[in-house]
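Chain residues, written in single-letter form:
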Amino acid sequence: MTYDTIEDAFLFVSSAPPFEHMAVVNRATGESFYASAMAGYDDVPEDVDESDDYLDIPHKNDLDLGKPLVMDFVGSRCPEEIDQVLTIFRRPGAYGRFKNLLEQKSLLDEWYAFEQQRTRAVLLRWCEENGIVLE
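None of these values were measured; they are calculated from a predicted model.

S.K.: Any chance you could explain the packing of aromatic side chains here in plain terms?
M.R.: Each pair of aromatic rings is reported with the distance of its centres and the angle of its planes. Tallying each qualifying case throughout the model produces 8 aromatic pairs. Here a set of aromatic residues connected by ring pairs shows up, and it is made of Phe73, Phe89, Tyr95, Phe98, Trp111 and Phe114. The residue whose ring lies beneath arginine 120 is tyrosine 3, and the NZ or CZ to ring-centre distance is 4.2 Å.

Written out as structure tokens, the structure is:
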């Protein structure tokens, strides 16, 4: 199985609120399968609950890659904005407003690099903890 397979599945699951999208990987074959409650799409095998070969891909919130990641970034890169970011995350649509703030401060590219680096590290650790050997 490749890191890209895991990352693609993770990005799919995390592209919607928790429980709206689902992905599983088959540890034996390296295949990934997707389902979306919102889109009415489901290619997850019927035996997914009966086999230890399948592993649910976590949502970013399950791995503290949502608001905790934002707060780590803000705390290290622009701590003077912590109160504003906390206010931003009290309402829906927070990520768009957060990215607007970062763009105004010329930190958006730095955020994307930080997010990608942290996501990769956390996903690699998750794979190791779950016995997934990557090519």
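After that view of the structure, there is still more to cover.
S.K.: Help me understand the packing of helix 2 (residues 67-77) against helix 4 (residues 94-104) in this model?
M.R.: Each pair of packed helices gets described by two things: the angle between the helix axes and the distance between those axes. In contact at an axis separation of 13 Å, helix 2 and helix 4 are set at 15 degrees when each is read in the N-to-C sense. What the angle tells us is that helix 2 and helix 4 run roughly parallel. Crossing geometry of helix 2 relative to helix 4 is assigned as left-handed. Contact with helix 2, carried on its side by Lys67, Val70, Phe73 and Val74, involves Tyr95, Phe98 and Leu102 of helix 4 and no other residues of that element. Along the lines of polarity and charge, the residues of the contact of helix 2 with helix 4 split into 6 nonpolar, no polar and 1 charged.

The rules behind the values
- Residues numbered from 1 in each chain as written.
- Predicted model: local features only at pLDDT ≥ 70, side-chain atom pairs only at ≥ 80, totals over all residues.
- Heavy atoms only, no water.
- Phe/Tyr/Trp six-rings, centres within 6.5 Å; stacked < 30°, edge-to-face > 60°.
- Lys NZ or Arg CZ within 6 Å of the ring centre and 35° of its normal.
- Axes fitted to C-alpha atoms, helices over the stretch in contact; angles between N-to-C directions.
- Helix = DSSP H or I, 4+ residues; strand = E, 2+ residues; numbered from the N terminus.
- Parallel < 35°, antiparallel > 145°, perpendicular 65-115°, else oblique.
- Left-handed = near helix turned anticlockwise from the far one by under 90°.
- Contact = heavy atoms within 4.5 Å.
- Nonpolar A, V, L, I, M, F, W, Y, C, P; charged D, E, K, R; others polar.

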